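An overview of the molecular structure
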Amino acid sequence: MSNLKVDYSKTLGFISKADVLAYKDAVKQNITALYKQTGKGNDFLGWVNLPSSISAAEIADIKSTAQKMKQLCEVVVVIGIGGSYLGAKAVIDALSDSFAQLKPHNNPLVVFAGQNIGEDYLTELQGVLKNRKWGIVVISKSGTTTEPAIAFRILKADCEAQFGKKEAVDRIVAITDAKRGALRTLADQEGYKTYVIPDNVGGRFSVLTPVGLLPIAIAGFDIEQLVGGAAEMEKSTGADIDFEQNPSAVYAAVRNALYKKGKGIELTANYNPKLHFFAEWWKQLYGESEGKEQKGIFPASVDFTSDLHSMGQYIQQGQRCLFETVISIEKPNSSLQIPSDAANLDGLNFLSGKHIDEVNKMAELGTILAHVDGGVPNIRISIPKLDEFNLGQLIYFYELACGISGYILDVNPFDQPGVEAYKKNMFALLDKPGYEAESAAIKEKLK
Ligand code: PA5
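Small disclaimer: the values here were computed from a predicted structure and weren't measured.

**Side note on the domain arrangement of the protein chain**
For the protein chain, the assigned domains are domain 1 (5-41 + 227-408) and domain 2 (50-224). Taking only C-alpha atoms, the centre of domain 1 and the centre of domain 2 are 29 Å apart. Here domain 1 and domain 2 share an interface that buries about 2,200 Å² over both sides, 64% of which is from carbon and sulfur atoms. Ranking the residues of domain 1 by area buried against domain 2 places Val 227, Lys 274 and Phe 277 at the top, with a combined share of 31%. Counting across the interface, domain 1 meets domain 2 through 1 salt bridge. One salt bridge in this structure joins Glu 288 and Arg 204, with 2.9 Å as the shortest N-O distance. Connecting domain 1 to domain 2 are 10 residue pairs in polar contact (both at pLDDT 80 or more). Examining the composition of the side of domain 1 that touches domain 2, we find that 8 residues originate from one element, helix 13 (residues 276-290), more than from any other. Of the residues contributing to the side of domain 1 that touches domain 2, the split by class is 13 nonpolar, 3 polar and 8 charged.

This is the structure:
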């Protein structure tokens, strides 16, 4: 059984247990459809049994490439966007020392590029790479995405200029489609080490493929434990598991019951700054999977207690269209107590001897109670501690719940047709060959 717990008792003033249990049969059917590949988007279900099917040889190969990059590089730039970026960023941030950049470290610093089109960002990155030992992991499933392609063109040239064309080949790894796309052509021609993103795994479900695993291993984290945690959750969320014992089933049902009662925005809250990017990963997973056909819960996130001093007012008293899902870590990895102070000028001696996390937990409980009183139902998801195993559990928990939830909404959770609209306009505005008609039309519109 998994270590992860879902507590929805603080939604029960807003929905009833019967509202949740009403989804029981649908949830079971949806899990079966995910496993048997009989539902919408069934050509993108390779992630469903990914944790239990990754072979020891695949893991060993990823670890050996990571080891090679560790020997060659002080900094590794991971180039990618969306699903080719957020999973690795989420896990690395969650597991890293918050001040790693200021401390001596044995593993390369992993930094990211190609997740924006910032001229200053890329220029500043070029500046810090100069005179350092560095390498690149470039990730694009399609191999044609503009943002990472621009970053790679620039950083590849820098890498070759600094280390020579031959050595640059050893410093660059490409993760892309088996056959298609410009990145595949380029990687094969240059002779880079490559990994394949399976055809049947979409970007936002790809963190447990080399897309996430290679950067995470380079950063020095235990990918066997991460995959092991996910595999444990895979076992705990199958169609054979009793509804109330299946955390993904319960979470999917509760959020849909709340949505039906008009709670159209889910606010994922954390009480640990290391989880900021985990929430970004979650937002992509749910936003891109569910937000279509004019349907879907809008995924938003807040970092508490920081954002209680900015968004707290709205959450407490603004429009009552929210529900909140707290991701809570039961035990911190460090120990720090508040000292006593003889003068007590700050009046804090009532906290003397308490651990920082005890205060944090009371902030969490106090906030949950206040928000529930203010009309914001609360789901609490807890894991024992922040480590690879528990993060692996959390990742798979959310992925399976996303598939179930998307099927409850009756959308295809595995496509993203809406993402093309901005690209079409951007290419038209930039006069990309092949977009002549669109260019003329958009320029006419702007007159
Ligand atoms: O989830 C998705 O499919 C998207 O977010 C993609 O990951 C993102 O658009 C990047 O695409 P690609 O990996 O093809 O460069």
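Back to the write-up after that little detour.
**What about the site of the ligand?**
Lining the immediate surroundings of the ligand are 13 residues, of which Ser 84, Ser 140, Ser 142, Thr 145 and Gln 284 lie closest. Thr 145 is positioned with one of its side-chain polar atoms (N or O) 2.5 Å from an oxygen atom of the ligand. With respect to the ligand, the backbone of Arg 204 contributes an N or O atom lying 3.0 Å from an oxygen atom. Alone, the ligand offers 380 Å² of accessible surface; in the complex the protein occludes 88% of this. Across the shell around the ligand, the residue classes tally to 1 nonpolar, 9 polar and 3 charged.

Basis of the calculations
- Throughout, a residue's number is its position along its own chain's written sequence, starting from 1.
- At least 70 in pLDDT is required for a residue's local features to be given in this predicted model, at least 80 for side-chain atom pairs to be given and counted, and no such filter applies to totals for whole chains, interfaces and linings, which use all residues.
- Where side-chain values are given, they derive from all heavy atoms of the structure, hydrogens and water being excluded.
- Each domain's extent is set by a domain assignment, obtained either automatically or from a database.
- Buried area is a sum: the accessible area each of two parts loses on coming together, probed at 1.4 Å, counted once for each and added.
- The working definition used for a salt bridge is a side-chain nitrogen of Lys or Arg within 4 Å of a carboxyl oxygen of Asp or Glu.
- Two N or O atoms count as a polar contact when they lie within 3.5 Å, although within protein this holds only if one can serve as hydrogen donor and the other as acceptor, and sequence-adjacent residues are included solely when both atoms are side-chain atoms.
- Think of it this way: any DSSP run of H or I at least four residues long counts as a helix, any run of E at least two long counts as a strand, and we number them from the N terminus.
- The classification used treats Ala, Val, Leu, Ile, Met, Phe, Trp, Tyr, Cys and Pro as nonpolar, Asp, Glu, Lys and Arg as charged, and all other residues, Gly among them, as polar.
- Residue proximity to a molecule or strand is established when one non-hydrogen atom of the residue lies within 4 Å of it.
- Exposure was quantified through the Shrake-Rupley algorithm and a 1.4 Å probe, taking into account, for residues, occlusion by the shown protein chains and nothing else.

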